[in-house]
Amino acid sequence: MAQAARRKKSTPKRSVSEGHKSRHRAPANDDALEHGEKAHLSRRPIWEGHLRLSLVSCPIALYSATTHTNDIAFHLLNPKTNNRIRMIATDPDTGPVERADLVKGYEFEKNKYVVLTPAEFDAVKLETTHTLEIERFVDEASIDRLFWNDPFYLLPSDNSGIQAYTVIRDAMAGAGRIALGRVVMHTRERLMAVEARGKGLIAYSLRMRNEVIDPTAIFREIPKEKPDRRMIEIAEKIIEQQEGPFAPDEFKDRYETALRKLIKQKERGEKIVAAEPPEESNVIDLMEALKRSLKGKSSSSPSKVGPAGKVRRRSLR
């Protein structure tokens, strides 16, 4: 099955106070990253319950299939003292408030809230909180890639359920279908897609219909006129020349690599020299840019499409 198209790294939402730091400190080397990934699975699972197919069920646990252990961590500091800043919950009228005393409120009008207690949240919890019940089997191709979200490893959590787990796994592998079910995680109901992968099962959280913006509305203002067929044919040949397998090891985060280098230079007390921005130069014809690209003459000079079908070539230093 084509996995690469839907394995999109999801960037977690962060509060303003956390905007400049990642979840974990970066390891010193690749070995540390490997150990970090192993340690990640040894932590408490994100969700525990039962996987159920009709009358067959087994105890399972969900673990995140992605890691943030290689992220670079930053903290907000007071530049005068280099002390780390602590964010304190504050009431504008009464001052600092203990976080343990805070409650959750829904703003239905400006400055008017409906307050909910923990007991009231518990009262609306669903049965799917502790059961991932398979409701339907679908073709993978029938799920639009816009709906794929985060991947998880779905593992048996008790030896007593391994037989049922492997039966479900092998039956799904033989059918070649994706299983759909629902769970409640972090107080929200999540639609999950489960597939067999090797010796185990992988689950993906899927976005709900109201979370996905209709692309038809987004692209509505793009003109319907077709471009010159000759240009399309040249572009198709360029695509053919650049075809290849998806090899994730070949793609690195160049920004993070540069950031690590910058941090090391700062640690050593070296002077930091900012790179000069690229200069805009001549404007060339789009057809000419396509022809040069096909001949491989523009690989070192990225082009940027400008107004009226022209291309602005950037000269790199």
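Residues numbered from 1 in each chain as written. Predicted model: local features only at pLDDT ≥ 70, side-chain atom pairs only at ≥ 80, totals over all residues. Heavy atoms only, no water.

### Notes on the overall build of the chain
So, point 1. Along its length, the chain carries seven helices and 14 strands.
So, point 2. For the chain, with 317 residues in total, the buried portion stands at 24%.
So, point 3. Restricting to contacts in the chain with at least 6 residues of sequence separation, those with at least 24 account for 66%.
So, point 4. Taken as a whole, the chain presents about 24100 Å² of accessible surface, with 53% of it coming from carbon and sulfur. (Helix = DSSP H or I, 4+ residues; strand = E, 2+ residues; numbered from the N terminus. Buried < 20%, exposed > 50% of the residue type's maximum accessible area, 1.4 Å probe, protein only. Contact = heavy atoms within 4.5 Å. Areas by Shrake-Rupley, 256 points an atom, 1.4 Å probe, with all protein chains shown as cover.)

### Concerning the pairing of strand E7 (residues 131-138)
So, point 1. Summarising the sheet, strand E1 (residues 47-53) and E7 pair through three bridges and their orientation is parallel. Within the sheet, the bridge partner assigned to Arg52 lies in E7 and is Glu133.
So, point 2. One ladder, built from five bridges, connects E7 with strand E9 (residues 178-185); its direction is antiparallel. Across the sheet, the residue bridging to Glu133 is Arg182, located in E9. (Pairing = 2+ DSSP bridges.)

### Details of the sheet that holds E7
So, point 1. Spatially, the seven strands close up into a barrel ordered E1-E2-E8-E11-E10-E9-E7, and their pairing is mixed. Sheet twist, expressed as the mean angle between neighbouring strand axes with direction ignored, is 40°.
So, point 2. The pairing of strand E8 (residues 148-156) with strand E11 (residues 200-206) spans five bridges and is antiparallel. Paired with Pro151 across the strands is Tyr204, a residue of E11.
So, point 3. Each of E1, strand E2 (56-64), E7, E8, E9, strand E10 (188-197) and E11 touches helix H3 (residues 162-175); the most contacted strand, E2, lies at about 80° to it. (Axes fitted to C-alpha atoms, helices over the stretch in contact; angles between N-to-C directions.)

### Quick notes on the packing of aromatic side chains
So, point 1. Going through the model one piece at a time under the given rule, you end up with one aromatic pair.
So, point 2. Taking 5.1 Å as the distance between ring centres and 80° as the angle between the ring planes, the aromatic pair formed by Trp148 and Tyr204 counts as edge-to-face. Note that Trp148 is positioned in strand E8 and Tyr204 in strand E11, a separation of 56 residues in sequence.
So, point 3. Residue classification places Tyr204 among the buried residues on the basis of a relative accessible area of 1%. (Phe/Tyr/Trp six-rings, centres within 6.5 Å; stacked < 30°, edge-to-face > 60°.)

### Focus: the pattern of salt bridges
So, point 1. With the rule as written, the count across this model stands at 14 salt bridges.
So, point 2. Between Glu233 and Arg229 there is a salt bridge, with its nearest N and O atoms 3.7 Å apart. Here Arg229 and Glu233 lie together in helix H5 (residues 229-241), a separation of four residues that amounts to about one turn.
So, point 3. Look at Glu233 and you get partly exposed, because its relative accessible area is 39%.
So, point 4. Notably, a salt bridge pairs Lys264 with Glu267, separated by 3.8 Å at the nearest N-O pair. Residue Lys264 and its partner Glu267 are both found in helix H6 (residues 254-267); the two are separated by three residues, about one turn of the helix.
So, point 5. Relative accessible area serves as the criterion here: at 57%, Glu267 is assigned to the exposed category.
So, point 6. Overlapping salt bridges, with partners in common, bring together Arg229, Glu233 and Glu236 in one network. (Salt bridge = Lys/Arg side-chain N within 4 Å of Asp/Glu carboxyl O.)

### What about the confidence of the model for the chain?
So, point 1. On average, the chain scores 80 in pLDDT, and the residues at 70 or more come to 76%.
So, point 2. Predicted confidence in the chain is weakest over strand E14 (residues 310-315), with a mean pLDDT of 44, and strongest over E11, with 96.
So, point 3. In the model, residues 1-40 has pLDDT below 50 throughout and makes 69 contacts with residues more than four positions away in sequence or in other chains.
So, point 4. Throughout residues 297-317 the model reports pLDDT below 50, and contacts reaching past four residues in sequence, or to other chains, amount to 49 contacts. (pLDDT = per-residue confidence, 0-100.)

### Some details on the side chain of Glu256
So, point 1. Along the polypeptide, Glu256 turns up in helix H6.
So, point 2. For Glu256, the residues in contact, after removing those within four places along its chain, are Asn70, Asp71 and Ile72.

### As for the nonpolar core
So, point 1. By size, the foremost hydrophobic cluster in this structure holds 20 residues, and its most contacted members are Leu51, Ile60, Leu62, Leu132, Leu154, Met192 and Val194.
So, point 2. Going through the elements one at a time, E1, E2, E7, E8, H3, E9, E10 and E11 are the ones with two or more residues in this core.
So, point 3. Sort the elements by how many residues they give to this core and H3 lands first, with four residues.
So, point 4. Discounting residues that sit within four places of it in the chain, Leu132 has contacts with Trp47, His50, Leu51, Arg52, Ile60, Leu154, Gly181, Arg182, Val183, Met192 and Val194.
So, point 5. Counting eleven residues, the second-largest nonpolar core is a separate cluster that includes Ile143, Phe147, Leu180 and Ala193. (Core = buried A, V, L, I, M, F, W, Y, C linked by side-chain atoms within 4.5 Å.)

### Some words on a nonpolar patch on the surface
So, point 1. A cluster of nonpolar residues, Tyr106, Phe108, Val114, Leu116 and Phe121, forms a patch on the protein surface that exposes about 480 Å² of accessible area.
So, point 2. For the nonpolar patch, the elements supplying multiple residues, two or more each, are strand E5 (104-109) and strand E6 (112-116).
So, point 3. You can call Phe108 partly exposed: its relative accessible area is 44%. (Patch = residues over 30% accessible without salt bridge, like charges linked within 9 Å, V, L, I, M, F, W, Y side chains within 5 Å.)

### What to know about the environment of Leu53
So, point 1. Inspection of the secondary structure puts Leu53 in strand E1.
So, point 2. The exposure class assigned to Leu53 is partly exposed, which follows from its relative accessible area of 25%.
So, point 3. Each C-alpha atom of the pair Leu53 and Glu135 lies 8.1 Å from the other, and the pair is 82 residues apart in sequence.
So, point 4. Beyond its immediate chain neighbours, meaning those up to four positions away, Leu53 contacts Ile134, Phe137 and Ile168.

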